[in-house]
Amino acid sequence: GGKVSAAWQQNNRLGFAKVRLGAFPPPTLLEDAAFHGASLFAERPAPAELVRGLAGGDGRTGLGVYAGGDRWTAAGVLTGNLVGTQTYDEQSGFVGRVSYVPFKRTDALIHVGANVNLVLSPAATGPGLPGGATSPIRLRERPELRVDGTRLVDTGNIDADGVTALGVELGAQRKNLDLQAEYFDIAVERRSSALPDPDFSGWYIQAGWTLTGEARRYNAAGGFDGPRAAAPFDLK
């Protein structure tokens, strides 16, 4: 059977911003700003998908504020659990993202941006007894060709007080050629351990060239969508 992954209300009457409340995918990063099914590849890059799942993702409950103009976007969302996720208590997090287009022409543009994905309080596994219950954080991700459930990246459970993931974005487009890249630093704060706090990083670069000449579309959310076909492909 199916499940509800998006149900929200939005107030558009504030003029300078929009306020959204409910279950929805908050804007976590550049690759997440592409509309569903409009990414360059069938799967998001592994580091982007891992960061997206920390405090965002499809069906994430949240309260968010969105703003934007012709060349910029800004958003901040306080988030909770994913719809259907059962935990002893609810995770609390924050997702923030800003983007800007410093260069824009009819057939070219440059995008820059920054994002932050925070797990402010991981969901505990039990009541707050003396010493406190464990609050595990697990960073894991499948390969980008998802033929089975194998996970090539998996830290296992880390008892943590929180996670801070910082990201920077770069995008560029010239006619039917486009380039996109992101870098992430992911710091985990252990809850009670003599071990040092682990720190991880990840990045990707991807590029595309449309054979039939159409350009990918830059959308109002500060991301790249697929091109609109001008004509069917023809070997002639």
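Refer to the preceding data block for the structure.
Residues numbered from 1 in each chain as written. Predicted model: local features only at pLDDT ≥ 70, side-chain atom pairs only at ≥ 80, totals over all residues. Heavy atoms only, no water.

**Side note on the pattern of salt bridges**
Link 1 in the chain: For the coordinates displayed, the defined rule picks out 10 salt bridges.
Link 2 in the chain: For arginine 52, the salt bridge goes to aspartate 58, with nearest N and O atoms at 2.7 Å.
Link 3 in the chain: Taking relative accessible area as the criterion, arginine 52 reaches 5% and is therefore assigned buried.
Link 4 in the chain: Given a relative accessible area of 47%, aspartate 58 falls into the partly exposed group. (Salt bridge = Lys/Arg side-chain N within 4 Å of Asp/Glu carboxyl O. Buried < 20%, exposed > 50% of the residue type's maximum accessible area, 1.4 Å probe, protein only.)

**Considerations on a nonpolar patch on the surface**
Link 1 in the chain: On the surface, a nonpolar cluster with roughly 500 Å² of combined accessible area is contributed by Trp72, Tyr100, Phe103, Ile110, Val112 and Leu170.
Link 2 in the chain: For the nonpolar patch, the secondary structure elements donating two or more residues are β5 (92-105) and β6 (108-121).
Link 3 in the chain: We classify tryptophan 72 as partly exposed; its relative accessible area is 40%. (Patch = residues over 30% accessible without salt bridge, like charges linked within 9 Å, V, L, I, M, F, W, Y side chains within 5 Å. Areas by Shrake-Rupley, 256 points an atom, 1.4 Å probe, with all protein chains shown as cover. Helix = DSSP H or I, 4+ residues; strand = E, 2+ residues; numbered from the N terminus.)

**Concerning the environment of tyrosine 88**
Link 1 in the chain: As for its placement among the helices and strands, tyrosine 88 is situated in the loop between β4 (72-82) and β5.
Link 2 in the chain: Measuring from C-alpha to C-alpha, the distance between tyrosine 88 and alanine 123 comes to 6.9 Å, with 35 residues separating the pair along the chain.
Link 3 in the chain: Discounting residues that sit within four places of it in the chain, tyrosine 88 has contacts with Ala124, Thr125, Gly126 and Pro127. (Contact = heavy atoms within 4.5 Å.)

**So, the pairing of strand β2 (residues 18-24)**
Link 1 in the chain: When strand β1 (residues 7-11) meets β2, the two strands line up antiparallel, connected through five bridges. Note on β2: the bridge partner recorded for alanine 7 is alanine 23.
Link 2 in the chain: In this structure, the hairpin formed by β1 and β2 is closed by a connection of six residues, where glycine 15 is found at a positive phi of approximately 85°.
Link 3 in the chain: As paired elements, β2 and strand β3 (residues 60-68) share seven bridges and run antiparallel to each other. Across the sheet, lysine 18 pairs through a bridge with tyrosine 66, a residue of β3. (Pairing = 2+ DSSP bridges.)

**Some remarks on the side chain of glutamine 206**
Link 1 in the chain: The residue glutamine 206 is located in strand β12 (residues 199-209) in this model.
Link 2 in the chain: Side chain to side chain, glutamine 206 and glutamate 31 meet in a polar contact 3.4 Å long.
Link 3 in the chain: Not counting the four nearest positions on each side in its chain, glutamine 206 is found in contact with Glu31, Leu40, Phe41, Pro45, Asp178, Leu179 and Gln180. (Polar contact = N/O pair within 3.5 Å; in protein donor to acceptor, adjacent residues only side chain to side chain.)

**Details of helix α1 (residues 46-55)**
Link 1 in the chain: The buried fraction of α1 amounts to eight of the 10 residues, a majority that puts the element mostly inside the structure.
Link 2 in the chain: Along α1, the positions that sit buried rather than exposed are Pro47, Ala48, Glu49, Leu50, Val51, Arg52, Leu54 and Ala55.

**What to know about the side chain of asparagine 219**
Link 1 in the chain: Considering the arrangement of structural elements, one finds asparagine 219 in the loop between β13 (217-218) and β14 (224-225).
Link 2 in the chain: The exposure class assigned to asparagine 219 is buried, which follows from its relative accessible area of 10%.
Link 3 in the chain: A distance of 3.1 Å separates the side chain of asparagine 219 from the backbone nitrogen of glycine 222, its partner in a polar contact.
Link 4 in the chain: Within the structure, the side chain of asparagine 219 is placed 3.1 Å from the side chain of aspartate 225, a separation counted as a polar contact.

**Quick word on the nonpolar core**
The nonpolar side chains of soluble globular proteins are, as a tendency, buried together.
Link 1 in the chain: Core analysis: the largest hydrophobic core is formed by 16 residues, its most contacted members being Leu139, Val163 and Ile186.
Link 2 in the chain: Counting only elements with at least two residues in this core, the list comes to α1, β10 (158-174) and β11 (177-190).
Link 3 in the chain: The residues touching isoleucine 186, leaving out its near neighbours within four places in the chain, are Leu50, Val51, Leu139, Val163, Thr164, Ala165, Pro198, Asp199 and Phe200. (Core = buried A, V, L, I, M, F, W, Y, C linked by side-chain atoms within 4.5 Å.)

Geometry only, nothing functional implied.
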